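Each chain is listed here by its residues.
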Amino acid sequence: EPEVTQTPSHQVTQMGQEVILRCVPISNHLYFYWYRQILGQKVEFLVSFYNNEISEKSEIFDDQFSVERPDGSNFTLKIRSTKLEDSAMYFCASKGRGASMDTQYFGPGTRLTVL
Amino acid sequence: AQSVTQPDIHITVSEGASLELRCNYSYGATPYLFWYVQSPGQGLQLLLKYFSGDTLVQGIKGFEAEFKRSQSSFNLRKPSVHWSDAAEYFCAVAGNNNDMRFGAGTRLTVKP
């Protein structure tokens, strides 16, 4: 069964450094998402991406964040200058069809630790 | 915007006992509702979803959920809990803007 994959599984970085989290969505999917889960808290929506542009973003997704689909398979989340409070689990998800009537499939997550 | 409330932060049940996890949503239109399960250190696995039609939906691992529009609820149930069901359970609602809102989660502990 096809699945969403994410690399790395764990990223440790120094405050102020740039990080890029990578995701490979399910191959025929069209919609892509990033979510964040701070330890012990709920999963929070960051951004959705369709047709090579952001379709929706939350208040968390400020100028420090950016997303890109650099080729036909990868979907990346970049944090320009990491802060301690960016430490969290970051989940990528993808969805097939355009309507909300479809399921988002989640990757296993990347745990980001900012020191 | 849509939102989800899971009133129970932590529930403990004995193995073999029945389970009900509560979920209440807020959304102005027809909601698309989901339950996900997360084992420690793992990602989110879809248990079941409701889009339309029969209000009682069956999912994987013996779980079911019932959509009650009058109560704005989508509670998850399982008749007999197994030790392997111990995990964090998240209810979520999707809106037309393609974003999904999750509840705070309910941590399930299963006693032997």
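Residues numbered from 1 in each chain as written. Chains lettered and ligands numbered in written order. Predicted model: local features only at pLDDT ≥ 70, side-chain atom pairs only at ≥ 80, totals over all residues. Heavy atoms only, no water.

Peer 1: How should the overall build of chain B be read in this particular structure?
Peer 2: Each helix and strand in chain B was counted, giving zero helices and twelve strands. Rg of the C-alpha trace for chain B: 13 Å, near the compact-globule value of 13 Å for 112 residues, within the 12% margin. Oriented by its inertia axes, the alpha-carbon framework of chain B measures out at about 40 × 30 × 20 Å. The buried share of chain B, reckoned over its 112 residues, is 47%. Pairs at least 24 apart in sequence give 53% of the contacts found in chain B among residues at least 6 apart. (Helix = DSSP H or I, 4+ residues; strand = E, 2+ residues; numbered from the N terminus. Rg over C-alpha atoms; globule rule 2.2 N^0.38 Å. Buried < 20%, exposed > 50% of the residue type's maximum accessible area, 1.4 Å probe, protein only. Contact = heavy atoms within 4.5 Å.)

Peer 1: Explanation requested: the sheet that holds strand β3 (residues 19-24) of chain A in the structure shown.
Peer 2: Whenever strands of a sheet pair, they do so through backbone hydrogen bonds, lying parallel or antiparallel. Residues and elements named next belong to chain A. As summarised here, the arrangement of the four strands in space is β1-β3-β8-β7, forming an open sheet in which the pairing is antiparallel. Edge positions in the sheet fall to β1 (5-7) and β7 (65-68), since each of these pairs with one other strand and no more. Across the sheet, the mean angle separating the axes of adjacent strands is 20° when strand polarity is ignored. (Pairing = 2+ DSSP bridges. Axes fitted to C-alpha atoms, helices over the stretch in contact; angles between N-to-C directions.)

Peer 1: Looking at this model, I keep getting lost on the side chain of A:T82. Mind explaining?
Peer 2: Residue and element names in this part refer to chain A. Along the chain, T82 turns up in the loop between β8 (75-79) and β9 (88-95). What makes T82 buried here is its relative accessible area of 1%. A distance of 3.2 Å separates the side chain of T82 from the backbone oxygen of Q14, its partner in a polar contact. Those residues in contact with T82 that lie beyond four places of it in its chain are T13, Q14, M15, G16, Q17, V19 and V114. (Polar contact = N/O pair within 3.5 Å; in protein donor to acceptor, adjacent residues only side chain to side chain.)

Interpretation note: all reported values are geometric properties and have no functional meaning in isolation.
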